[in-house]
Amino acid sequence: MTNPNSDPIRAYYHTLLSTWGRQHWWPAQSRFEVIVGAYLTQNTSWTNVEKALSNLRQARRLSLSGIRRTPQATLEKLIRSAGYFRQKAQRLKTFVRFLDRRYDGSLSRMFAQPTAQLREELLALNGVGPETADSILLYAGNHPVFVVDAYTRRILERHELISPRAAYDEIREQFERALPLVAAKAAGSQTERATGTPATRPRGSSHPPSRMSTAPRSPIAQVFNEMHGLIVGVGKNYCLNSRPQCDTCPLRDFLPNDKMRRVTSA
Ligand code: SF4
């Protein structure tokens, strides 16, 4: 029988989940809000995105019809805090036009498409790279794709699990190969979903539970969802670009010894 911890990625998952519990990604009340957030978070911090989302909400524009009827210039003003606001306003308009033309304005019809096909369609849109497409697929559509971000790459590189030249899809597939075993176990016991966040040690990148974070999804989508949130927790709090905090990081036992000396003294 395969040991669930025999793969380092599975071992990271179990370690981080038992340390921090559920992370409750993505913090949103609707699928469309996830999509807007996925566009707005490009090249900026989530705090700036939250301001833009709050402006859209207050102006009653945080919906498909809201973005559709909002003139470009007004949209730019509303999302200004997220940076690159002209580009992002244009891209949001492009997404709504795509949805209207291809799926008659229906997110349900769009998300009913096979994962690979929809991923290709999203990637063909202006301003949608793999991370944005996969965030939309996973967090808005509950499609089983793993989201790779800069933190994922940095952690795996420092742990010598990937080469510095590893392609996005190569890293994504590494997670997508490792985690189904975790999902199969979780589906059998249901304990990991039901346990919730431990009362102590609440670090990581956890959000309060939201309508989208608690929406029903397949065990594998749940594990991909959780793993990405846990990785962000490591990246934001420990695996900093210039000064990694290996001594206190929950993943320190997985760092090759000689590498640990090199990273901590860098
Ligand atoms: S901070 Fe150190 S131990 Fe933690 S993930 Fe980064 S390199 Fe690994």
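This structure is a prediction, so every number in the text was calculated from the model and none was measured.

Q: Quick rundown of the nonpolar core? Include the residues and the values.
A: Judged by nonpolar contacts, the single largest core of 77 residues is most densely connected at F95, L122 and L179. Each of domain 1 (8-25 + 148-265) and domain 2 (31-140) gives at least three residues to this core.

Q: Could you give an account of helix α8 (residues 115-123), with specific residues and numbers?
A: Taken residue by residue, α8 has L118, R119, E121 and L122 as its buried positions. Projection of α8 onto a plane perpendicular to its axis shows the buried side chains occupying an angular sector of 165 degrees, all on one side. Residues of α8 that are exposed and point over 90 degrees away from its buried face: A116 and E120. Turning to α8, the residues buried within the fold contact α6 (85-103), α7 (107-111), α9 (130-140) and α11 (168-178).

Q: Describe in detail the packing of aromatic side chains, supporting the description with residues and values.
A: Inspection of the entire model under this criterion finds eleven aromatic pairs. Between W25 and Y139 the ring centres are 6.0 Å apart and the planes differ by 45 degrees, which places this aromatic pair in the tilted class. Residue W25 is located in the loop between α1 (8-20) and α2 (31-40), and its partner Y139 is located in helix α9; the two are separated by 114 residues in the primary sequence. The class of Y139 is buried, set by a relative accessible area of 1%. Where W26 meets W46, the ring centres are 5.6 Å apart and the plane angle is 90 degrees; that geometry is what we call edge-to-face. Here W26 is found in the loop between α1 and α2, whereas its partner W46 is found in helix α3 (residues 46-58), with 20 residues between them in sequence.

Q: So what's going on with the environment of I155? Residues and values would help.
A: Mapped onto the secondary structure, I155 falls in helix α10 (residues 150-158). Spatially, the C-alpha atoms of I155 and Y238 are 9.9 Å apart, while their sequence positions differ by 83 residues. In this structure, I155 is in contact with I231, V234, G235, C239 and L251, ignoring residues within four places of it in sequence.

What counts and how
Residues numbered from 1 in each chain as written. Predicted model: local features only at pLDDT ≥ 70, side-chain atom pairs only at ≥ 80, totals over all residues. Heavy atoms only, no water. Core = buried A, V, L, I, M, F, W, Y, C linked by side-chain atoms within 4.5 Å. Buried < 20%, exposed > 50% of the residue type's maximum accessible area, 1.4 Å probe, protein only. Domains from an automatic or database assignment. Helix = DSSP H or I, 4+ residues; strand = E, 2+ residues; numbered from the N terminus. Arc of directions from axis to C-beta. Contact = heavy atoms within 4.5 Å. Phe/Tyr/Trp six-rings, centres within 6.5 Å; stacked < 30°, edge-to-face > 60°.

Remember that the coordinates give geometry; whether it matters functionally is a separate question.
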